[in-house]
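Below, each chain spelled out in residue letters.
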Amino acid sequence: MALLMILVRGFLRLKVMLNSLMARKFLFLFLSFQFTSCSFILSTFYGVKNLKKFEQEKCEKFISDIDFKGVQYLQLYVDSNLTSFVKNNFLDKHLRNDFLQPIQMLYFVNDTLKSAHINCYAQGSANKLDWNVDHRFDEFLPKSAFPIDSLNFKAKIYCEVLGLENGEKDKNIVIIHWTRMLEKQSRIAIEIVLDNLIRFKQEENYRIVLVNNDKRFIEV
């Protein structure tokens, strides 16, 4: 009973902590790099799964259950090569951390990153993430969650690392990183991108590229 009370009190304190941006960033830093040692409370709170092996058929099943409402999409799988790319190309440690997070939505327009949304900057609410902080997704393009204008981050180079074929590099694309370790949160991220594209009649102007991160985190 004493242990149960400790867990309950810890859970309640965690919910209060999630109201601050720094606490949310700490939580997802912990989730991103310490999946194998997540506590019971953290794992239960955000539905974190401890993946022991990469299972492509389960990834495909997850995607097939989503209604893309006619929006074109591609599915890719990445490994630790992406981790090396980010570490080598982002000297700022905060940017390195951001672009190594498990869930990301990156909007590229004419080859340049114009809007970025990463789990660190979403707001914790109950047991899900709210990506529409400050009404970011109430417009198109969605307002970037953090400053990116100075990055000059090019889709062409990034797509080469992801293994995207040449024919797709010139399109306006939304790259969505997701993982089965956070299936519910990944689905929420994908669906808010879809809803935003359709709401502003952009579904024919953009292609979604789904990038599964399972291999990358299993190899850590």
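The numbers attached to residues start from 1 for each chain and follow its sequence in the written order. A pLDDT threshold of at least 70 governs which residues receive local features in this predicted model, and a stricter bar of 80 or more applies before side-chain atom pairs are shown or counted, although totals over entire chains, interfaces and linings include all residues. Heavy atoms throughout the structure, all of them, feed into the side-chain values; hydrogens and water do not.

(A) Representation of the overall build of the protein chain. Summing up its helical and strand segments, the protein chain has nine helices and seven strands in all. For the exposure calls, accessible area comes from a 1.4 Å probe over protein chains only, and a residue counts as buried if that area is under 20% of its type's maximum, exposed if over 50%, partly exposed in between. Across the 220 residues of the protein chain, 48% fall into the buried class. Residue contacts follow a heavy-atom distance rule, with two residues in contact if any of their heavy atoms lie within 4.5 Å. Partitioning the contacts of the protein chain with sequence separation of at least 6, the portion at a separation of at least 24 is 73%. Secondary structure counts use DSSP, requiring at least four H or I residues in a row for a helix and at least two E residues in a row for a strand, with both numbered from the N terminus.

(B) Local environment of the pattern of salt bridges. By convention in these notes, a salt bridge is any Lys or Arg side-chain nitrogen within 4 Å of a carboxyl oxygen on Asp or Glu. Tallying each qualifying case throughout the model produces six salt bridges. A salt bridge links arginine 199 to aspartate 138, with the shortest nitrogen-to-oxygen separation between them at 3.3 Å. Linking arginine 199 in helix 8 (residues 183–199) with aspartate 138 in the loop between strand 5 (128–130) and helix 7 (155–162), this pair joins segments that are 61 residues apart in sequence. Look at the salt bridges and you will find they share partners, linking Lys49, Arg180 and Glu183 into a network.

(C) Fine view of unusual backbone geometry. Following phenylalanine 140, the chain continues to leucine 141 via a peptide bond in cis, the omega torsion being 0°. Unusually for a residue other than glycine, histidine 135 sits at a positive phi of about 60°. A relative accessible area of 53% places histidine 135 in the exposed class. The backbone of asparagine 152 sits at a positive phi, close to 50°, despite the residue not being glycine. Within the secondary structure layout, asparagine 152 lies in the loop between strand 5 and helix 7.

(D) Representation of the packing of helix 5 (residues 80–89) against helix 7. Here an axis means a line fitted to C-alpha atoms, over the contact stretch when the element is a helix, while the angle between two N-to-C directions is reported on a 0 to 180 degree scale. At a closest axis distance of 9 Å, the pairing of helix 5 and helix 7 adopts a crossing angle of 150°. Comparing the axis directions of helix 5 and helix 7 gives the class roughly antiparallel. For the pair formed by helix 5 and helix 7, the contact residues are Asn81, Leu82 and Phe85 on the first element and Ile157, Tyr158, Val161 and Leu162 on the second. Ten residue types, Ala, Val, Leu, Ile, Met, Phe, Trp, Tyr, Cys and Pro, are classed as nonpolar, four, Asp, Glu, Lys and Arg, as charged, and the remainder, Gly among them, as polar. Within the contact of helix 5 with helix 7, the residues separate by chemical class into six nonpolar, one polar and no charged. Just so you know how the angles are binned, under 35 degrees is roughly parallel, over 145 roughly antiparallel, 65 to 115 roughly perpendicular, and the rest oblique.

(E) Looking closely at the confidence of the model for the protein chain. As a per-residue measure, pLDDT tells how confident the predictor is, with possible values from 0 to 100. Scored by pLDDT, the protein chain comes out at a mean of 80, with 75% of its residues at no less than 70. Note on residues 1–44: pLDDT is under 50 here. Beyond four places in sequence and across chains, it has 56 contacts.

(F) Highlighting the sheet that holds strand 1 (residues 73–77). An order of 1-7-6-2-3 is seen for the five strands of this open sheet, with the pairing classed as mixed. Each end of this open sheet is capped by a strand with a single partner; those strands are strand 1 and strand 3 (112–118). Strand-to-strand twist across the sheet, computed as the mean angle between neighbouring axes with direction ignored, equals 20°. Two elements, strand 1 and strand 7 (residues 207–212), share five bridges in a ladder whose sense is parallel. From the neighbouring strand, leucine 74 faces strand 7, where its bridge partner is valine 209. Sheet contacts for helix 7: strand 1, strand 2 (104–109), strand 6 (173–178) and strand 7; angle to strand 6, the most-contacted strand, approximately 40°. The strands that helix 8 touches are strand 2, strand 6 and strand 7; relative to strand 2, the one it contacts most, it runs at about 30°. In this description, strands pair whenever DSSP reports at least two bridges between them.

(G) Summary view of the side chain of serine 186. As for its placement among the helices and strands, serine 186 is situated in helix 8. By relative accessible area, serine 186 is classed as buried at 1%. Among the polar contacts made by the side chain of serine 186, one reaches the main-chain carbonyl oxygen of leucine 182 at a distance of 2.8 Å. When neighbours within four sequence positions are excluded, serine 186 is seen to be in contact with Phe62, Ile103, Trp178 and Thr179. Each polar contact in these results corresponds to two N or O atoms within 3.5 Å; when the atoms are within protein, one needs to be able to donate a hydrogen and the other to accept it, and residues that are neighboring in sequence are counted only if both atoms are side-chain atoms.

(H) Just helix 5, in detail. Among all positions in helix 5, only Leu82, Thr83, Phe85 and Val86 are buried. One side of helix 5 carries all its buried residues, which in axial view fall inside an arc of 160°. Exposed residues pointing more than 90 degrees away from the buried face of helix 5 are listed as Asn81 and Asn88. Buried positions along helix 5 lie against helix 6 (93–98), helix 7, strand 6 and helix 9 (214–218). Where helix 5 begins, one side-chain oxygen reaches toward the backbone nitrogen of asparagine 81, 3.0 Å away; that side chain belongs to aspartate 79. Here the arc refers to the directions that run from the helix axis out to each C-beta atom.

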